[in-house]
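Examination of the molecular architecture
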Amino acid sequence: MFEGKITGEELLEKVRLAKISETEREKRLFYAELYVALNDAVEDRADAAKAHLTAAAKNSWAEKAGYG
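Source: prediction; values computed, not measured. (Residues numbered from 1 in each chain as written. Predicted model: local features only at pLDDT ≥ 70, side-chain atom pairs only at ≥ 80, totals over all residues. Heavy atoms only, no water.)

A short note on helix α2 (residues 22–42)
For an α-helix, 3.6 residues make a turn, and residues three or four places apart therefore share a direction. Taking 1.5 Å of rise per residue, the 21 residues of α2 would be expected to cover 30 Å, and the 30 Å separating its terminal C-alpha atoms lies within 8% of that figure. Buried within α2 are the following residues: Arg25, Leu29, Phe30, Ala32, Glu33, Val36, Ala37, Asn39 and Asp40. Residues of α2 that are buried in the fold lie against α1 (8–17), α3 (46–58) and α4 (61–64). Positive backbone phi, at 60°, marks aspartate 44, one or two positions downstream of α2. (Helix = DSSP H or I, 4+ residues; strand = E, 2+ residues; numbered from the N terminus. Expected span 1.5 Å × (residues − 1). Buried < 20%, exposed > 50% of the residue type's maximum accessible area, 1.4 Å probe, protein only. Contact = heavy atoms within 4.5 Å.)

Side note on the pattern of salt bridges
Note that side chains of opposite charge can pair when their charged atoms are close. A full pass over the atoms with the stated rule returns eight salt bridges. Here glutamate 3 ties to lysine 5 by a salt bridge, and the two come within 3.3 Å at their closest N and O atoms. Assigned by exposure class, glutamate 3 and lysine 5 land together as exposed. One salt bridge in this structure joins arginine 16 and glutamate 13, with 3.9 Å as the shortest N-O distance. (Salt bridge = Lys/Arg side-chain N within 4 Å of Asp/Glu carboxyl O.)

Some thoughts on the nonpolar core
Soluble globular proteins tend to pack their nonpolar side chains together in the buried interior. Membership of the largest hydrophobic core is limited to six residues, which are Met1, Leu12, Val15, Leu29, Ala32 and Val36. For this core, the elements supplying multiple residues, two or more each, are α1 and α2. Among the elements that make up this core, the one with the highest residue count is α2 (three residues). Not counting the four nearest positions on each side in its chain, leucine 12 is found in contact with Leu29, Ala32, Glu33, Val36 and His52. (Core = buried A, V, L, I, M, F, W, Y, C linked by side-chain atoms within 4.5 Å.)

What follows is the structure, given as structure tokens:
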């Protein structure tokens, strides 16, 4: 994504379709949404960044992991 070889949405779709446990999917989606948001922010896509950051914040894995 940072090299311009994949979009944030493509990355998220790969995580959603991966053959992994739901717990692992939640963890990966948290980080994927977070990094997609950061990438959108630095590329001046504020609305997209906010949407992805909101999705990361709503992800249940962060609370289960103790926020850190």
